[in-house]
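Here are the chains, one letter per residue:
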Amino acid sequence: METTMETNAAMPAESPLYNKRNYLNNGYSLRSWFLTVDHKRIALIYLASITFFFILGGFFAMLVRLELLTPKGDFMTSDGYNRAFTMHGIMMIFFFLIPSIPAVLGNFLVPLQIGAKDLAFPKINLLSWYMYIGGGALALFAMINGGIDTTWRFYTPYSTGHASGYVVTTILGLFLMGFSSIFTGLNFIVTIHKMRAPGLTWFRLPLFIWAMYATSLIQILGTPVVAITLSLAAVEKGLKIGIFDPAYGGDPILFQHLFWFYSHPAVYIMILPAMGIISEVISCFSRKVVFGYSFVAISSMMIAVIGFFVWGHHMFLTGQSQFAGLIFAALSFLVAIPSAVKTFNWTATLYKGSISFEAPMLYVFGFLGVFLIGGLTGLFFPALGLDRHLHDTYFVVAHFHYIMVGGAIMGYMAGLHFWWPKMFGKKYPEGLAQAGAVATFIGFNLTFFPQFILGYMGMPRHYHEYVPEFQFLHILSTAGASVLAIGYLIPAICFGWSLLFGEPTGPNPWNAKGLEWEKSLSPPPTENFSEIPVVTEEAYNYPDAEATVVTRS
Amino acid sequence: MSHGHKSEFLAHHFEDLEQQKESAALGMWLFLCTEVLFFGGLFCCYAYYKYRFFDAFISGSHHLDIKLGLLNTAVLITSSLTMALAVHAAQKGARGRTSLMLLLTIALAGVFLVVKYFEWSTKFHHGIIPGHNFQFPAEDLYGGATVKTVEIFYSLYYCMSGLHGIHVILGIVVIGWLWWINQKGRITPEYNVPVEMVGLYWHFVDIIWIFLFPLLYLLGLHVHG
């Protein structure tokens, strides 16, 4: 990444639209990148690292989809298949999705959007990248040495008993990655509390900041629990002491409770930041303030809080008491309320808006449809009776991919396209980028919609062989995955092209509202702002907004 | 905003020292929240197994040495006092007294670890090692306790006091670092945030022990009740 910037710095630097003294050319040495405390540079090294893990996770996804082309297990052994989907899950969840939006766009944007020069703790921010990459290196080491087959959930007693491979090493890697995530969240909360520009009150904050705040709360309160839980499992595996394994007198259900206490809220670590991006982009490309701004802001907090009390819906079939099941079911249904508030309010934002269809907005439209399906199918699981039928089938697989791939990654892509001109000061080919958004949408639905039907018909997850009747839907799904891969390749081409040949964009190519667009340059200078900005207006105060806004709470 | 003079302690991205101090304090409190949840997982395990295997827990607990536990509690509370005095001295700008109090805190933390070492090695000597041919005298089993379930108590005992011990060791390292920067004159009445923050951490380590002591050691008193 560094060398491409060096070679092409000459061309746009001629243009008055391109900020010549920016964070990208403030030093070219390796040291100036890998020992930087500039939040924008740390965001970029995160971008490179998580892209690497995304490709790795995608590779394992392709192995899984190839195996499932035929009913017989003729491509991999069942053991190889178990390892493939485990590594897919670990790479995608822990090393791509959880850090994705916070560590890349959050790192880049939080100080810029609130008018600060940097995050509150720049050195801890750098440290968190080293912890992430250290954790990633351990997980890679385990992967190269044959991987593990515990699934990403590390359920005991299997993970602490017979599971082969470097389980303890992988857990150590996740432990490091977890504390990297905690430090990112801690940094954001302190920054948002203490470093807002004068006049930037809580209810003037961009909704992306609200989303990052809610996400950070989950990161600092949820992650330590999974850290201690996985550590105990590692100690049990390594030293054979009894905590969770019934062979030593322990209780494996206790592990599941503690694991899901984090791992359900972890889903909101993935989706809340994406929701923040949707609010920003939909407002800009409708030229309107987000409908019911304060409701959208508070709904992020509601999701974060309620999300901590619903974990039991992963465990209805574990022997958990009927009463606990009933309570968890009721609480799980509650999450639908703030999620629906968001979806309705985004739709209402479009109403009488002046809508345009640039690439980021296409991703938003994709998100709205996909999240609707993903969210509504989520309501099937707290329905206790229905869950008995759908538990551990492809219906579950389809549902969470609708949220995590369709929701979180489409949001991430929308954000990356939206802020790319800010990050690098250059345009990308708009037509090609739009084609990428469409290919992603088609490929995604083709991959995962058939899996709803498969699951409903009874196809269990984690199996590499199946009855021949299911083959047609599996072929559709694998074909869709290929289209989806193209959908991810196109933005890569767009961004590569942009770095090499992109025209300078000027500070505010979308004519958007927000401090990062209005008060900083593209790319921003190292210190972000020439002087600390003073905020005098509400968020998303688009000039033509007053004419069209229906109500404003 | 203009300032008369910029303090040498002010980091480039803060407006003034007040903002910097408040940020550090909020960051530290949030980190302690994280720590509470981190230990919280272990306390959850303890609560659940104590409920399920109560007899085993009082049997295991009764076997621990209350005197040594009490000694360590006193040592750690005293170290919290010396740490608080170090913070006070740093605020007053008494460099020599700050250093002395920090060294005393380290010394007391060291005593705590030495006592812990003797406790653990005695237990190991008697074969009280979960997962490795765990031995427990049958006459010390009360009620429905079995050797297997007492083993769970000891698994938790080693994990909880072990994790706490790791925090004590980390505390010694950061207090040593404080002593070093204090000697180099980087702690002043104007800026002593590092001492205050490490102080918060050290009191937290103390408080965790205040919870561990009754849960692990005093539970065994039920045997006489």
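This one's a predicted model, so the numbers in the text were calculated from it and none came from an experiment.

Broken down by element type, chain A carries 20 helices and zero strands. For 553 residues, the compact-globule estimate of 2.2 N^0.38 gives 24 Å, and chain A sits close to it at 23 Å. Viewed in the frame of its principal axes, chain A has a C-alpha envelope of about 70 × 50 × 45 Å. Buried positions account for 62% of the 553 residues belonging to chain A.

Our focus in this paragraph is the side chain of Arg153 of chain A. All names here are of chain A. Within the secondary structure layout, Arg153 lies in the loop between α6 (122–144) and α7 (167–194). The side chain of Arg153 is buried and forms no salt bridge, while Asp392, the nearest opposite charge, is found at 4.0 Å. When sequence neighbours within four positions are dropped, the list of residues in contact with Arg153 reads Phe255, Phe259, Trp260, Asp392, Arg461 and His462.

A few words now on a nonpolar patch on the surface. Where nonpolar side chains cluster on the molecular surface, the patch consists of Leu30, Phe34, Leu35 and Tyr130 of chain A and spans about 380 Å² of accessible area. Mapped onto the elements of the fold, Leu35 of chain A is located in the loop between α3 (30–34) and α4 (39–67).

Turning our attention to the interface of chain A and chain B. Taken together, the contact pairs 40 residues of chain A with 34 residues of chain B. Interface area for chain A against chain B, summed over the two sides, is near 3,000 Å², with a carbon-plus-sulfur share of 73%. Glu22 of chain B is the salt-bridge partner of Lys194 of chain A, the closest N and O atoms lying 3.2 Å from each other. Across the chain A-chain B interface, the total number found is 10 residue pairs in polar contact (both at pLDDT 80 or more). Here the residues of the side of chain A that touches chain B sort into 31 nonpolar, four polar and five charged.

In this section: helix α9 (residues 252–263) of chain A. An ideal rise of 1.5 Å per residue puts 16 Å on 12 residues; α9 of chain A measures up with 16 Å between its terminal C-alpha atoms. With respect to burial, α9 of chain A is a largely interior element, 10 of its 12 residues being buried. Buried within α9 of chain A we find Pro252, Leu254, Phe255, Gln256, Leu258, Phe259, Trp260, Phe261, Tyr262 and Ser263 of chain A. At its buried positions, α9 of chain A is contacted by α5 (78–114), α8 (207–239) and α10 (265–286) of chain A together with α1 (17–52) of chain B. Two or three places before Ile253 of chain A, at the start of α9 of chain A, stands the capping residue Asp251 of chain A, its side-chain oxygen 2.9 Å from that residue's backbone nitrogen.

The next point concerns the packing of aromatic side chains. Residue and element names in this part refer to chain A. Counted according to the given criterion, the structure contains 75 aromatic pairs over all chains. Residues Phe285 and Phe418 carry aromatic rings whose centres are separated by 5.8 Å and whose planes lie at 70° to one another, so their mutual orientation is edge-to-face. Pair noted here: Phe285 is in helix α10 and Phe418 is in helix α16 (residues 394–424), with a separation of 133 residues, a long-range link. What makes Phe285 buried here is its relative accessible area of 3%. Seen in terms of ring centroids, Phe367 and Phe371 are 5.4 Å apart; in terms of plane orientation they differ by 10°. Their pairing is stacked. Taken together, the residues span about one helical turn, with Phe367 and Phe371 both in helix α14 (residues 359–378) at a distance of four residues.

Scanning all chains against the criterion turns up 12 salt bridges over all chains. Measuring nitrogen to oxygen at the nearest pair gives 3.7 Å for the salt bridge that ties Glu15 of chain B to Lys117 of chain A. Taken together, the positions of Glu15 of chain B in the segment before α1 and Lys117 of chain A in the loop between α5 and α6 put the pair across two chains. A relative accessible area of 18% places Glu15 of chain B in the buried class. With a closest N to O distance of 3.1 Å, Arg52 of chain B and Asp251 of chain A form a salt bridge. With Arg52 of chain B in helix α1 and Asp251 of chain A in the loop between α8 and α9, this residue pair bridges two chains.

Turning next to the nonpolar core. Inside soluble globular proteins, nonpolar side chains tend to come together where they are buried. Grouped together as the largest cluster of nonpolar side chains are 260 residues, with contacts concentrated most on Phe95, Leu105 and Tyr412 of chain A together with Tyr154 and Leu156 of chain B. Broken down by element, this core gets its largest block of residues, 22 residues, from α5 of chain A. When residues no more than four places from it in sequence are discounted, the contact partners of Leu105 of chain A are Ser100, Val110, Phe208, Ile277, Tyr412, Gly415, Leu416, Trp419 and Met423 of chain A.

In this section: the packing of α16 of chain A against helix α18 (residues 471–501) of chain A. Each pair of packed helices gets described by two things: the angle between the helix axes and the distance between those axes. Residues and elements named next belong to chain A. Where α16 contacts α18, the two axes come as close as 12 Å, and the packing angle between them is 10°. Here α16 lies roughly parallel to α18, going by the angle between them. Between α16 and α18 lies a crossing whose hand is left-handed. Residue-level contacts link Tyr394, Val405, Ile409, Met413, Leu416, His417, Trp420 and Phe424 of α16 to His474, Leu484, Tyr488, Pro491, Phe495, Ser498 and Leu499 of α18.

Next up on the list: the confidence of the model for chain A. All names here are of chain A. Of all residues in chain A, 96% attain a pLDDT of 70 or more, and the chain-wide mean is 94. Averaged over each element, pLDDT in chain A is lowest for helix α1 (residues 2–8) (44) and highest for helix α17 (residues 430–457) (98). Between residues 1–10, whose pLDDT stays under 50, and residues either more than four places distant or in other chains, the model counts 14 contacts. Confidence drops under pLDDT 50 across residues 547–553; counting only partners more than four residues distant or on other chains, this segment forms 11 contacts.

What counts, and at which threshold
Residues numbered from 1 in each chain as written. Chains lettered and ligands numbered in written order. Predicted model: local features only at pLDDT ≥ 70, side-chain atom pairs only at ≥ 80, totals over all residues. Heavy atoms only, no water. Helix = DSSP H or I, 4+ residues; strand = E, 2+ residues; numbered from the N terminus. Rg over C-alpha atoms; globule rule 2.2 N^0.38 Å. Buried < 20%, exposed > 50% of the residue type's maximum accessible area, 1.4 Å probe, protein only. Lys, Arg positive; Asp, Glu negative; His and termini not counted. Salt bridge = Lys/Arg side-chain N within 4 Å of Asp/Glu carboxyl O. Contact = heavy atoms within 4.5 Å. Patch = residues over 30% accessible without salt bridge, like charges linked within 9 Å, V, L, I, M, F, W, Y side chains within 5 Å. Areas by Shrake-Rupley, 256 points an atom, 1.4 Å probe, with all protein chains shown as cover. Buried area = accessible area lost by both parts, 1.4 Å probe. Polar contact = N/O pair within 3.5 Å; in protein donor to acceptor, adjacent residues only side chain to side chain. Nonpolar A, V, L, I, M, F, W, Y, C, P; charged D, E, K, R; others polar. Expected span 1.5 Å × (residues − 1). Phe/Tyr/Trp six-rings, centres within 6.5 Å; stacked < 30°, edge-to-face > 60°. Core = buried A, V, L, I, M, F, W, Y, C linked by side-chain atoms within 4.5 Å. Axes fitted to C-alpha atoms, helices over the stretch in contact; angles between N-to-C directions. Parallel < 35°, antiparallel > 145°, perpendicular 65-115°, else oblique. Left-handed = near helix turned anticlockwise from the far one by under 90°. pLDDT = per-residue confidence, 0-100.

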